[in-house]
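If you want the building blocks of each chain, they are given just below.
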Amino acid sequence: FTKRAFLNGKLDLTGAEAIGRLISARSSFELELAQKNVFGEIHRLSSRVRSDLISLKAECEAEIDFSTEDLTYETKEERKNRMILLFDLCTKVLKNAKRAESFIEHNKIVIYGEPNTGKSSLLNSLIGRERAIVSNVPGTTRDYLSESFSLNGIPLQLIDTAGVRETEDSIERMGIERSRNEFESANLRLFVLDVSSQIDFNSFMNLHESKVKNSILVANKIDIAHESWKNTSLLFQAKGIHPCEVSCKTKNGLEELLNSIQTHLIHIDKSDDFVLLEERNEYYFGKIQEHLKIAIELMETAPAEIYIKEIDYALENVGLINGKVGTEEILGRIFSKFCVGK
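Residues numbered from 1 in each chain as written. Predicted model: local features only at pLDDT ≥ 70, side-chain atom pairs only at ≥ 80, totals over all residues. Heavy atoms only, no water.

## As for the overall build of the chain
Here is step 1: When you go through the chain residue by residue, the secondary structure sums to 13 helices and six strands.
Here is step 2: Looking at the 342 residues of the chain, the share that counts as buried comes to 47%.
Here is step 3: Partitioning the contacts of the chain with sequence separation of at least 6, the portion at a separation of at least 24 is 73%. (Helix = DSSP H or I, 4+ residues; strand = E, 2+ residues; numbered from the N terminus. Buried < 20%, exposed > 50% of the residue type's maximum accessible area, 1.4 Å probe, protein only. Contact = heavy atoms within 4.5 Å.)

## Remarks on the nonpolar core
As a rule of thumb, nonpolar side chains are buried together in soluble globular proteins.
Here is step 1: Of all hydrophobic cores here, the largest spans 31 residues; its most connected members are L122, L158, L190, I216, V218, L257 and I261.
Here is step 2: I42, C60, M83 and I321 belong to the second largest nonpolar core, which has 30 residues in total. (Core = buried A, V, L, I, M, F, W, Y, C linked by side-chain atoms within 4.5 Å.)

## Some remarks on helix α8 (residues 201-213)
Quick reminder: α-helices carry 3.6 residues per turn. Residues three or four places apart thus point the same way.
Here is step 1: Taking 1.5 Å per residue, 13 residues should reach 18 Å; α8 reaches only 14 Å between its end C-alpha atoms and comes up short.
Here is step 2: At L207, α8 shows its maximal bend, which comes to roughly 65 degrees.
Here is step 3: Along α8, the positions that sit buried rather than exposed are F201, F204, M205, H208, K211 and V212. (Expected span 1.5 Å × (residues − 1). Bend = angle between axes of the 7 residues up to and from the residue.)

## Some words on the environment of R26
Here is step 1: Relative to the assigned elements, R26 resides in the loop between α2 (13-24) and α3 (28-38).
Here is step 2: Residue R26 is classed as partly exposed on the basis of its relative accessible area of 48%.
Here is step 3: When the C-alpha atoms of R26 and I104 are compared, they prove to be 8.3 Å apart, with 78 residues separating the residues in sequence.

## Structural notes on the packing of aromatic side chains
Here is step 1: The tally for this structure, following the rule as stated, stands at six aromatic pairs.
Here is step 2: With centroids separated by 5.9 Å and ring planes inclined at 85 degrees, the aromatic side chains of F204 and F236 adopt a geometry described as edge-to-face. Highlighted residues: F204 in helix α8 and F236 in helix α9 (residues 229-238), separated in sequence by 32 residues.
Here is step 3: Residue classification places F236 among the buried residues on the basis of a relative accessible area of 0%. (Phe/Tyr/Trp six-rings, centres within 6.5 Å; stacked < 30°, edge-to-face > 60°.)

## So, the environment of A58
Here is step 1: One can find A58 in helix α4 (residues 41-65).
Here is step 2: Judged by its relative accessible area of 44%, A58 is partly exposed.
Here is step 3: In this structure the C-alpha to C-alpha distance between A58 and I308, which are 250 residues apart in sequence, comes to 9.6 Å.

Given below as structure tokens:
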């Protein structure tokens, strides 16, 4: 039905794509941005670019066609500044689109630490269900587990990794190596420490200091903390590491941990002009930007007859954003995403 609406001129292609994004939204943040597109955000941006390009093209053509007339035109510097402003607008749109997609797709949090510290229990507590197997036997998690959850409307990917230790088990060693790889690629790390037994602070820091300093240190099992933990906590603080105390059993401290995650990871300013661009539209905005850059460079050495062609190319790409798509194959690919089953 959305395709029919597009083919009958009731929607432009950006509005139709926004409906598809609305259906597949996985968080309130993505839903909010998809709604902006349904109500014409991409159409508004592309129409503004189109209007400015047409104005520039008209000014250039008038100078070419009526160069012998006693008429007043913009100076070359004024026209160049207008092109630069338009180039900057495209840059801003692409930057804000990449930031939006980053918040939607790439907030990866890795739960890391030694075996039997409660990493799987922490994952289960954060997502609110029993996703990972919990056992007193060290090495239960042999490979990493990945699960999505939402924090204040922002989707996050939470990864529970195999406990890091020396082992002769070849399969467990492979899991530990994968855990290290996940740790390196994470946006945020939670290093889980079992505080129910005495910790040899110096030995622990010799093994893990660099990783702990690049993580939020989660002091788990605080409900049954060893009597030495208070002093050990002060030693961590002296190193500039401030443990976040939690109990996965009683759920104490989880709210504070979530607040800490939000502080470290999510920096969303609601005043930012976030925008969702489909891959197709991101490509065309990039092409508009590319042709404007060439036009700006040509203005220094070439007559208007030359650089006006770059404005024409930019206008063609604006048309492609709004729906001048040449083949049924491309339309079919776009609308194939709309089938949500029976």
